[in-house]
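# Structural features, examined
This is what each chain is made of:
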Amino acid sequence: MDNDKIKKALEAAKLYYQLDYSQSQIAELLGVSRPTVSRLLQQAKAEGIVRIEIRDPTEDVESLQAALKDKFGLRDAIVANTPTYEDELVKKCIGQAAADYLGEILRDGDTIGASWGSTMYQVARHLKSRTLKNSFVVQLNGGVSDADVRISPSEIVHRFAQAFHVTPYFMYLPAIVDHTLVKQAMLSDRHIRRVMDMGVQANVAVFTAGAPTPDSVLLGSNYFREDELEAIRARGAGDICSRYFDENGEICLPELNDRTVGIELADLRGKEHAILVAGGAAKVNAIFGALQGRYGNTLITDQITARELLDKWERRESITK
């Protein structure tokens, strides 16, 4: 196929597959007939310009779970099937899977620490009612005052407490303060300190990972200076409990970390169950960084994200060899 035909086929393919134009619209735009557009699209596939891959969401997830456990040294991995990679649907699917998993592992006497966010809201809303004796649920980190009420820490902790018929302990504090002295003053209060200590001592922690995307509630909260925002966007893979880390799991900005209110990421490593619930295209780097940092010993994600994480692991391994 000569260069002019390649260019035409490429243009038609971009309009059809990337911009969702109909063949009739493409014909009108390119000034050709509809059959010609059909031939251009066929030629694009024949020349390798377009490759169509069909991924079966019903594929065996057991192999993905086993690979995640092996490559990332996890205690457990749960892979939920999602029919599409649409963000809200992914959150719903993995939230349901996480709720089911908690129903299986929780025992009397457990103290459950919970973070907040839209994924955690899906976990909370899918929890099945069950009574736990001598148990508590505690908020792991401060919140954002102008966040959607559904994803506020108090709403999520309240739903956990309702589901398991336990006493909730809230942390009515901002996620990040302006000065470390402010944080130190708050933590000197014995009631606040008690909630913080309960989070550290909790044997079960359930949390998600956030990504530094334009729609991030945390990044839009006015907690950050401009230089901090630039550094997070440049080096930050994501955050857990409002603490930002890079793709190696290392804290990005120590000074910002010192102003963050909530559990330290290092304290997650010692949990009996440190359950990371996260999925979606925007969060692959955040999840990878969290696993590199060993902040979760259990991962609950979707099958597409699972493959992306394993592919990323393979690429990194090939570079280091």
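Residue numbering note: each chain is counted from 1, following its sequence as written. This being a predicted model, a pLDDT of at least 70 is required before a residue's local features are given, and a value of 80 or more before pairs of side-chain atoms are given or counted; all residues contribute to the totals for chains, interfaces and linings. Calculation of side-chain values draws on the structure's entire complement of heavy atoms; hydrogens and water are dropped beforehand.

### Some thoughts on the environment of Leu219
Topologically, Leu219 is positioned in the loop between β5 (204-207) and α10 (226-235). With a 1.4 Å probe rolled over the protein chains alone, any residue whose accessible area is under 20% of its type maximum counts as buried; one over 50% counts as exposed, and the rest are partly exposed. Judged by relative accessible area, which is 12%, Leu219 ranks as buried. Along the backbone, Leu219 and Arg233 are 14 residues apart, and their C-alpha atoms lie at a distance of 9.9 Å. Contacts are residue-level and defined by heavy atoms, with any inter-residue pair within 4.5 Å sufficient. Not counting residues within four places of it along the chain, the set of residues in contact with Leu219 comprises Pro212, Thr213, Phe224, Leu229, Ile232 and Tyr244. In DSSP terms, a helix is any run of H or I states spanning at least four residues, a strand is any run of E spanning at least two, and both are numbered starting from the N terminus.

### Description of the sheet that holds strand β4 (residues 167-169)
With respect to topology, 7 strands assemble into an open sheet ordered β1-β9-β8-β5-β2-β3-β4, the strand pairing being parallel. Every interior strand has two partners, whereas the edge strands, β1 (76-80) and β4, have only one. Across this sheet, the average inter-strand angle for adjacent strands is 15 degrees, counted without regard to direction. Bridge count for strand β8 (residues 273-277) against strand β9 (residues 298-302) is 3 bridges, and the pairing is parallel. Along β9, the bridge assignment pairs Val277 with Ile300. Angles here are taken between N-to-C directions and fall from 0 to 180 degrees, while the axes themselves are lines fitted to C-alpha atoms, restricted in helices to the stretch in contact. Against the sheet, helix α9 (residues 190-201) makes contact with β2 (111-114), β3 (136-139) and β4, and its axis sits at roughly 110 degrees relative to β3, the strand it touches most. Strands β1 and β9 of the sheet are contacted by helix α14 (residues 303-320), whose axis makes an angle of about 115 degrees with β9. Strand pairing is defined by DSSP finding a minimum of two bridges between the two strands.

### Details of the side chain of Thr305
Here Thr305 is to be found in helix α14. You can call Thr305 buried: its relative accessible area is 0%. In protein, a polar contact means a hydrogen-donor-capable atom and an acceptor-capable atom, both N or O and within 3.5 Å, with residues adjacent in sequence counting only if both atoms are side-chain atoms; elsewhere, any N or O pair within 3.5 Å suffices. Among the polar contacts listed, one links the side chain of Thr305 to the backbone nitrogen of Gly280, at a separation of 2.9 Å. Ignoring any residue separated from it by four or fewer positions in sequence, one finds Thr305 in contact with Tyr85, Gly279, Gly280, Val284 and Ile287.

### Description of the packing of helix α5 (residues 87-105) against helix α6 (residues 118-125)
Where α5 meets α6, the closest approach of the two axes is 7 Å, and the angle between their N-to-C directions is 50 degrees. Here α5 is positioned oblique relative to α6, judged by the angle of their axes. Where α5 crosses over α6, the handedness of that crossing is right-handed. Here Lys91, Lys92, Ile94, Gly95, Ala98, Ala99 and Leu102 of α5 lie close against α6, whose contacting residues are Ser118, Thr119, Gln122 and Val123. Residue type decides the class: Asp, Glu, Lys and Arg count as charged, Ala, Val, Leu, Ile, Met, Phe, Trp, Tyr, Cys and Pro as nonpolar, and the leftover types, Gly among them, as polar. Looking at the contact of α5 with α6 residue by residue, the classes come out as 5 nonpolar, 4 polar and 2 charged. Orientation is classified from the angle alone, with under 35 degrees giving roughly parallel, over 145 giving roughly antiparallel, 65 to 115 giving roughly perpendicular, and any other angle giving oblique. Note on convention: the crossing is left-handed when the near helix lies turned anticlockwise from the far helix by less than a right angle, right-handed when the turn is clockwise.

### Comments concerning the pairing of β1
Within β1, 4 of the 5 residues are buried, leaving the element largely enclosed by the surrounding structure. Direction of pairing for β1 relative to β9: parallel, over a ladder of 5 bridges. Note on β9: the bridge partner recorded for Asp76 is Thr298.

### Regarding the packing of aromatic side chains
Aromatic pairing here means that ring centres of Phe, Tyr or Trp (its six-membered ring) are within 6.5 Å. Orientation follows from the plane angle: under 30 degrees is stacked, over 60 is edge-to-face, and everything else is tilted. Tallied over the entire structure, the rule returns 7 aromatic pairs. The interplanar angle of 85 degrees and the centroid separation of 5.8 Å between the aromatic rings of Phe72 and Phe288 together place this pair among those described as edge-to-face. With Phe72 in helix α4 (residues 61-72) and Phe288 in helix α13 (residues 284-292), this pair connects stretches of sequence that are 216 residues apart. Taken as a pair, Phe72 and Phe288 share a single burial class, namely buried. With a centroid separation of 5.9 Å and an interplanar angle of 55 degrees, the aromatic rings of Phe245 and Tyr295 are classed as tilted. With Phe245 in strand β7 (residues 243-245) and Tyr295 in the loop between α13 and β9, the pair connects residues that are 50 residues apart, well separated along the chain. Comparing Phe245 with Tyr295, the two get one shared label, buried. Put simply, a charge is over a ring when the Lys NZ or the Arg CZ is close to the ring centre, within 6 Å, and near the line of the ring normal, within 35 degrees. The cationic tip of Lys312 hangs over the ring face of Phe288; the distance from NZ or CZ to the ring centre is 5.4 Å.

As far as function goes, none of this settles anything; it's purely spatial.
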